[in-house]
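Summary of structural features
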Amino acid sequence: MTEIISAIIIIVGVLFVVIGSVGLLRLPDFYIRISAITKAATMGVACIMIGVALNFNEISVAIKAFGVVLFLLITSPIAAHIIGRAAYDGGVPLWKKTEINEYEEYKKNKLKKENNKDSQPNKKEE
Amino acid sequence: MKLLIPHIILSIILAVLFFNVAPYEGSANRYILAGIVIFSLTWPLSYFFSKDYFRKLPGLMGLIVFFTKELIVANFRVAYDVVTPITYMRPCIVALPLDAKTDFEITVLACMISLTPGTLSLNLSDDKSLLFVHAITFKKMDPEAIKRDLKEGFEKKLLKITR
Amino acid sequence: MLTTILIGFLLAVLLPWLYKFFKANTGRFLAVFPAAAFVWFATKHNQIAAGGIVKEAYNWMPGLGVSLDFKLDGLSLLFAFLISGIGAIVLLYAGTYMKAYEKTDRFFVALMIFMASMLGLVLSDNIISLFVFWELTSFSSYFLIGFSHEKEESRGAALKALLITAGGGLALLAGLILLGIGGETNTISELLMRGDQIADSGFLHVAMMLIIVGCFTKSAQFPFHFWLPAAMAAPTPVSAYLHSATMVKAGIYLLARMSPLFNGTGNWNTTLLVVGGITMLMGASTAVIQSDLKKILAYTTVSALGLLTMLLGIGTEIAIQAAVVFILAHALYKGALFLLAGIIDHQTGTRNIRKLGKLFKKMPYTGTAVIIASLSMAGIPPLFGFISKELIYASTIDMVINSPLTTSAFFIAGVLITAAAGILSYKVFFGKRNKLESQPTEAPFSLVAGPLLMAVIAVTLGISSRFISPLLNQASLAVMPENIELQLSLWHGINTELIMSMATIFIGYLTFLFIYLNPKFIASIKVSDKIKTSSVYDRTISTVVEISKRVTIIIQNGNLRIYVFVLIAVFSLLSLWVLKDFSVPSISILWSDFRIYDIVIGLIMIAACFYAVMAKSRLLAIALLGVVGYGVAFIFIMFGAPDLAITQILIETITVVIFVLVLWKLPKFLIFTESFIKFRYFMISIVFGGLMTWIVMIVTQYPLESHLKAYFAENSYLLAKGKNVVNVILVDFRSLDTLGEMVVLGIAAIGIYALVKFNKTGKKEEL
Amino acid sequence: MSWYDIVLMIALILLSFSIILVFIRIVLGPTLPDRVISFDLIGTITIGMIAIYSITTGVESYMDAAIILSLVMFLGAIAFAYYMKKKKL
Amino acid sequence: MENHILIVLLIPLLSGIFSLFAWGRKQLQQYIFLVGTFLLIVAAGFLLNSVLIHEVIVLQSAGWEAPFGISLVADLLSSIMVLLAAIIGIAVAIYSFSEVDEHRIQFGFYPLMNFLVFSVCGAFLTGDVFNLYVWFEMMLISSFVLMVLGNGKSQVEATIKYVTINIVASTFFLAGIGILYGLTGTLNMADLAVRLQSVPNSSLLDLAAIFFFIAFGVKAAVFPLFNWLPASYHTPPIAVSSFFAGLLTKVGVYAFIRFFTMIFNHESAFIDNLLLYTAAATMFFGVLGAAAQMDFRKILSFHIISQIGYMIMGLAIGTKLALTGAIFYIIHHIIVKSNLFLIAGIVKKSSGSFNLKKIGGVYGKYPFLAILFIISAFSLAGFPPLSGFWAKLIVIKAGLESGDSFLVIVALVVGFLTLYSMTKIWNEAFWKKVPEEYMEESQTKSVPLSSIKPMIIPVVMLAGITLFIGLFGESVLNLAMMTAEQLLNPEIYIHAVLGNDS
Amino acid sequence: MNSTILSMGIKLLVPLFVIFSLFLLFRGHNAPGGGFVGGLVFSIAFSLYTLNYGVKRTKEKYKIRPLKLIAWGLLMAVLSGLIPLFAGESFLTGLWHDEITIPVLGKPGTPILFDIGVYLLVAGTILSLIFTLWEE
Amino acid sequence: MEDILPFLIGCLYAGGIYLIFHRSFVKLIIGLIILGYASNLFLFTISRITRDAPPLIPDDATQLTETFADPLPQALILTAIVIGFGLQAFAIVLIKVGFKTLKTDDLDKTTSTDRLDN
Ligand code: NA
Ligand code: NA
């Protein structure tokens, strides 16, 4: 029974990963790829881990599997955030169909404010 | 002490659980493993449960269930969209006004948003009042709906247990 | 004998201190040493003259058969007398003469070393210790010739002398070693008796030629003669000492010493005759057209050395006797002449005979000495030179073959030398004088005394030659053991020799007149100087340097890629050479164990490697590198190496991190197009990779039973208390490796810190 | 081979093919962040593969490699972000 | 007795660690290095003494019997090498006090030197091929850092070349170890020597030997793998180059001798010819480079190569006398070459440049220094009665005895060119006057010798050793002969390492 | 890097990494891991911290001196090798105390000490690399 | 995998060396690292490989029995990886410093230390 369940879970996880990989190739811009895909893979790996834990049926393996999932859950969103932010700040273009961009507005406003501040000299950069 | 056992009661519970569940022969490894597990779990969790943890436990469970559900649903949706033509996809970047105040709350929220396929926490405003989220919608563009979903879903449930 | 030599060396070593004490009198003080040695040798004279031998032996490097064996026989004693006697005179002379120079202590150091080693050379009875002293004479003469080292000419001359003599020395060394191997001993006196054994070993002829080369360089035989005239850059006492009595005669000495072994075998006689003849004629003819007093002497010396070589080449009893006698005669007159030339130079400020003349009235003692020495050189009775000339002619008449040729050669040389003697004596002291800068005056007695003494000896020996003949007889016996006894006398009755001598003097006089009266014609001949062997030497040296430069620029071209290319090419060629014995192993994929993801992973790694090669973006290359690294980790997983996989993953990531931290400062990959060269590199890479594949296949087709593997499996837990065998090996079985690895890491950390943070501002930054 | 083994084999094959897909994205780029996330994804997929592999062989200690990989990938990602920030792309 | 080996290794290691703790404290670090090298000499002397008594001393590290753990083995060759390392170590230590600048010391010069000495000693003493690899790598990394320390332009460029070629060579070393293990399943040198005899195909041994030939050939700088050496040895401070010049290449030669007398001692025309032609070409091309150069240190660097050729020649001929010659050569060359580098440094300090064209007049100014140079230079050129003469004599005699006349001719020609290039240095730096056009430069860049007097001490010491070996070389000769005998009878070594059941 | 989210994440992760690294260190004798891997994981934690906050702050907060870690690591490894000498054993021989079993640490033995040395040294090395290469 | 490993090793060797033959510093160092992989795998493969049997003694045993991978090459490779890492890290930083001081990334232009000065 556990074998069947674990097999199903593993296959589901693997499919997530495969779909994520296909998506990585197909999706139109970097931001869509990162927001849609890397998470799919995390999800997929989490499934695989559960499958593995089930299959071994041992607490130590379960703990390890759990550890992997925990780490991935903590780290992959943070990594995605930090890379996405760096990409945006570095000027990686958005897909042409990206319609609303409230971040860009915010940045423009911020820049304006800073320029006003900078009219007093000697307070640039860090 | 706080450094080693961030949360005493939780730790004891976990220890008891562990030693009952783990059928381990190796003497040293068992203790080490127990220590690791206990620490690894209580350390992050101690941020959630500053106090009143019995009251908050159901909330936590609820959050986990909700989050898992969202995760799976969103994953399937993305999976579907990946294998079908992508022309209907409409991405946008929205500014999510935050009620979450502490760094921990913001981080957990941002992570959960990022973990859900289709949304990504891109950045935080300098005063930590806005979270910029890159989101993918389909067919119809409605930024307010996205914000509402996020606030009602993740943030509300999160704040319930952290406060 | 060792004591004598050692005292000489010791004096050389102590000289800086002695010099502080004796200052200007150092030369005179030092002269005590050779004088004492002379006396010591004199006490042995009777014993040796009676046919006795004095021997000493000390161990030096017994393991190599090297010992300080000394043997005093007639030949050695003759040379020892010359070295110590003339040495004493030269030191006395130098004591005064060198006052004009600075830092004369260095001069005396070299001179003492020279003197001591020269003694060692003629006394040695061991081929290696002989060679040691031989090289020491080259070494010290290098410093003597280069004494005025601030002049380029001096340096060049010194170098010339050193390179030629030491170069010949290398040949000599090989020859001597061969002799030693062939004769199974290093003792000269024994070797001389083992001619047959050496001949059997097959080394005799090679050794002979090598030794001949060594001797020829030292004794300035054609074509190596040119260093000697150049060496005239040295201060006069040096010239006198080196070029009259001693160093140049070292070659003659060794040829004579080895004569018993080689005489009559192979090309010994022909070589010596021909080369000696050429040298003699070339030296004599060059001498007469020189204008520099010392050059004239130098070339006459070359001629005399050629003559001696010829005599040894003739190799008959009488020729050997003639050689021995001539050695003494030549040393006496030539030594005196060099010293006198130095005096003339010293007093007049020039050595150019075109400028010199009519000096006799101003410098009567010098003049007298020069005239006597010159007459001896010209072979005019009753001087000792005459006796030797008689013997020389006798030896050629006595010859079996080649007689007319040799005789005429001797005759021509004799004529030319006589002419040169005329120039030296008549032109300088009675001839026309051109403008001289200073008014010449007679030299102080301390300068003239020495040469005058030698001149006197030349006369005395000529008249009472019987006095010296026992020693000379023993000397010639040493060269030719079954010799008839030598009887020296001025008068043998009217015979061919006498007639020839007289003819020589007469025609020599005519030649002198011709030269004296036609200075312009002589000067015009000088142009031919350009095609001398010395310019061959210069060209050889510059060619060698040029070739070295070209070769070095090709080999050491500075391009790292080519260095690596060479390395890989060498490896590939060598392995191909060895692998040609092996067949290409058949590739058999075990379908039962076939796993498609293996192939996929392998292909991905290959593709990643390929794209890393092609990548235009650095970060792409690094990411691909990471992919390869993860692939390697997965392979480790597959084959049961979790520790390795973990380490690989960690290291891989940290490497990527380091790359990333470092690389953002670097430029993009530059794209260099060089398709042809690229092809070469591509091919060698493919060959190299293919070879490694092949090697893996070859080695793995043999079974392997590792007893280490079994031992670790058995004892890892029981003895070393660990269940992770790999870790147990790391921290226990092979913990020393791990300790080393730790040090490597620590050093790498320090190194990176130093690389990045090194600054010369002195700003401290703690690590 | 049991059906379970076959399932695992298929899983491994699928995962390795998805690595190929991601690999193509690495090579194509076009932007640096694309490559970075692709690299990250390869790491993630490798974690999955290692996990499945440890089932097929029954060696649980391979899971340790999976844990470590999940740890260090984060460091890699942060480092790449640092690079992008410094380089301003 | 076994612990003599341990002490020899512990002294530099602990000195290194202590000077890490004393980071940035110049005087303390200098003191540690000096005391360390001094103690090392004493310890190495004791080690040599015990080896003379007991023939081969084995320390089984971590207490595991021979093929299973790592054996540290001291035979005559290795203990002689260790002693030489210690001598050069102390010479460099004293020299560095005056030469190495404050900044380099701030950035770890002394810890690195200690670890370098450590690695060199380890390489000499190990009896395990992989352990030898570890020592080699330690030696490499510390020499990399020492070479680049200071970040001068030419230093960096040189180090890039040095690093690249040496890392590539290390790959070959590792692969070679792989082949040996793949053939025999063991790593212990003695065990390998035994087990390789049962390898089915002796061409496999030739194959493995190629890998080590490349690996050690690069380290020892033989033709045509030497390029990294003249590209780099002239760039770091003299104290460093001197140590490198004397010892590092000799570690390669040591490894050559060790491997080709013990491990690859099967009958193989291929290996014999390989060594033979390598020796000839190394001698020849090395000296050509020396003849071409005009930089004091570059001439010396190229000479290292050509002299390595003589050592390989001894190994290639392979008779007892030849090996004696090779070992005598190593001893002589380590002392002399280090000393020449040290002298070059003093000349540079007192004349302002290493370029022979720009300097001159040292003989006039500093006759004592000149004498020290003469002793070393003429020894290098093989002039009697200095140490180099005996070395050359033995090798040539061995060559003539075994009929390798081709090698002998090359050796003689090379000897001649060596003399030429040594006298070139003498002529230019010592005899000639400083050229007018460089007078000013020379005066501004130079310091009077009296201000750097301590630098002379090690030079005098090493020149004294050279003279001693030359004049009283019998003891060294005997030592070299005994060493050669030991090398030709590896059974003693093997028996000592593996115990009775070999 | 100035990101609240990252900072918080790192704050959460650093203790986990440290504990995990110790876990790897001590169990290394019996399962994959050991001083080397442990040291690497330890250093990764602080590398993350450094990448985010900079060298100065890391040094201030954690009082880490990589050089000292390296030196102590080496010294510890050497000491673990010297201890057996006093028991009359060879250098680096593993000495185990069979009777005592310390909870968590297992049986005490010099190889454990050696592994701790490795751990410290590796941690020091990687940290010194990161500290050196990090630039504002 | 056993059958394709030699080919993989050959490819890695070829790729690593070919990268060194490019003129860029950065490619040089990447080449060196790939060579490192190649030689580690070479050592791994040539000392024979065993699939799926790590040399870990099970909890209930005191010895390794049946088939297991040879632990010794693993330990060697581990050491080699770590040492290689030290050298490579140094080399990476060295090329950075090299670029900074030499102002070029081109190996063909860094030939000054070998130049004849005369
Ligand atoms: Na070297
Ligand atoms: Na370890």
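Residues numbered from 1 in each chain as written. Chains lettered and ligands numbered in written order. Predicted model: local features only at pLDDT ≥ 70, side-chain atom pairs only at ≥ 80, totals over all residues. Heavy atoms only, no water.

An unreviewed UniProt entry annotates chain D as Cation:proton antiporter originating from Gillisia hiemivivida. The UniProt entry for chain D carries the following comment under Sequence similarities (unreviewed entry): "Belongs to the CPA3 antiporters (TC 2.A.63) subunit F family." Under the UniProt heading Subcellular location (unreviewed entry), the note attached to chain D is "Cell membrane". (UniProt positions renumbered as here; feature names shortened; annotations may be inferred.)

Looking up chain A in an unreviewed UniProt entry gives the name Monovalent cation/H(+) antiporter subunit G, with the organism given as Gillisia hiemivivida.

Secondary structure assignment for chain A yields four helices and zero strands. Counting helices and strands in the order they occur from the N terminus, chain A gives α-α-α-α. Rg of the C-alpha trace for chain A: 21 Å, well past the compact-globule value of 14 Å for 126 residues, more than 25% over. Seen along its three principal axes, the alpha-carbon backbone of chain A occupies a region of about 70 × 35 × 15 Å. A buried classification covers 55% of the 126 residues belonging to chain A. Counting only contacts in chain A whose residues sit at least 6 apart along the sequence, the fraction spanning at least 24 positions is 64%. Across chain A, the centroid of the 15 positively charged side chains sits 4 Å from that of the 12 negatively charged ones. (Helix = DSSP H or I, 4+ residues; strand = E, 2+ residues; numbered from the N terminus. Rg over C-alpha atoms; globule rule 2.2 N^0.38 Å. Buried < 20%, exposed > 50% of the residue type's maximum accessible area, 1.4 Å probe, protein only. Contact = heavy atoms within 4.5 Å. Lys, Arg positive; Asp, Glu negative; His and termini not counted. Charge placed at Lys NZ, Arg CZ, Asp CG, Glu CD.)

So, about the arrangement of the chains. The two units chain A and chain C remain apart, with a minimum C-alpha distance of 14 Å. Of all C-alpha pairs spanning chain B and chain D, none lies closer than 13 Å, and the two are not in contact.

One frequent convention defines the size of an interface as the accessible area lost when the parts assemble. Each partner contributes residues to the interface: chain D has 14 residues there, and chain F has 17 residues. Roughly 1,400 Å² is buried in total at the junction of chain D and chain F, and carbon and sulfur atoms are behind 81% of that figure. Our count for the contact surface shared by chain D and chain F stands at zero salt bridges. Applying the counting criterion to the chain D and chain F interface returns zero residue pairs in polar contact (both at pLDDT 80 or more). In terms of residue class, the side of chain D that touches chain F is built from 10 nonpolar, one polar and three charged. (Buried area = accessible area lost by both parts, 1.4 Å probe. Salt bridge = Lys/Arg side-chain N within 4 Å of Asp/Glu carboxyl O. Polar contact = N/O pair within 3.5 Å; in protein donor to acceptor, adjacent residues only side chain to side chain. Nonpolar A, V, L, I, M, F, W, Y, C, P; charged D, E, K, R; others polar.)

Right, let's talk about the sheet that holds strand β1 (residues 89-97) of chain B for a bit. Strand order in this open sheet of three strands is β1-β3-β2 (chain B), and the pairing throughout is antiparallel. Sheet topology places β1 and β2 (119-124) of chain B at the edges, where each strand pairs with a single neighbour. The sheet shows a mean angle of 25° between the axes of neighbouring strands, direction not considered. Here β1(B) pairs with strand β3 (residues 130-138) of chain B via nine bridges, running antiparallel. Paired with B:I93 across the strands is B:H134, a residue of β3(B). Of the strands in this sheet, β1 and β2 of chain B are in contact with helix α3 (residues 59-89) of chain A, which crosses β2(B) at around 65°. (Pairing = 2+ DSSP bridges. Axes fitted to C-alpha atoms, helices over the stretch in contact; angles between N-to-C directions.)

Residues and elements named next belong to chain C. The geometry of helix α15 (residues 317-348) relative to helix α19 (residues 445-463) is characterised by a closest axis approach of 9 Å and an angle of 150° between their N-to-C directions. What the angle tells us is that α15 and α19 run roughly antiparallel. The chirality of how α15 crosses α19 is left-handed. Residues L328, L332, G335, A336, L339, L340, I343 and H346 of α15 lie in contact with α19, whose contacting residues are L447, V448, P451, M454, I457, A458 and L461. (Parallel < 35°, antiparallel > 145°, perpendicular 65-115°, else oblique. Left-handed = near helix turned anticlockwise from the far one by under 90°.)

All names here are of chain A. Under the UniProt annotation, "transmembrane region" (unreviewed entry) lies at residues 6-25, 37-56 and 62-88. Helix and strand shares over residues 6-25 are 100% and 0% respectively, and the end C-alpha atoms of the span are 29 Å apart. Taken end to end, residues 37-56 has its terminal C-alpha atoms 29 Å apart, with 100% of it in helix and 0% in strand.

With 89 residues of chain G at the contact, the number on the chain C side is 108 residues. Of the roughly 9,000 Å² buried between chain G and chain C, counting both surfaces, carbon and sulfur atoms make up 77%. The tally of links from chain G across to chain C stands at two salt bridges. Residues C:R561 and G:D108 are paired through a salt bridge, measuring 2.8 Å at the closest nitrogen-oxygen approach. Where chain G meets chain C, there are 24 residue pairs in polar contact (both at pLDDT 80 or more). Broken down by secondary-structure element, the contributors of at least two residues to the side of chain G that touches chain C are α1 (5-20), α2 (25-46) and α3 (71-102) of chain G. Among the elements that line the side of chain G that touches chain C, the one with the most residues is α3(G), at 22 residues. Its residues placed into classes, the side of chain G that touches chain C shows 59 nonpolar, 15 polar and 15 charged.

Okay, the pattern of salt bridges next. Applying the stated rule across the entire model yields 34 salt bridges over all chains. A:K64 is the salt-bridge partner of D:D64, the closest N and O atoms lying 3.6 Å from each other. Of the two residues, D:D64 is situated in helix α3 (residues 62-87) and A:K64 in helix α3; the pairing between them involves two chains. A salt bridge links A:K107 to A:D89, with the shortest nitrogen-to-oxygen separation between them at 3.3 Å. Residue A:K107 is found in helix α4 (residues 102-118), and its partner A:D89 is found in helix α3; the two are separated by 18 residues along the sequence. Within this structure, C:R561, G:R23, G:D106, G:D108 and G:K109 form a network of salt bridges that share partners.

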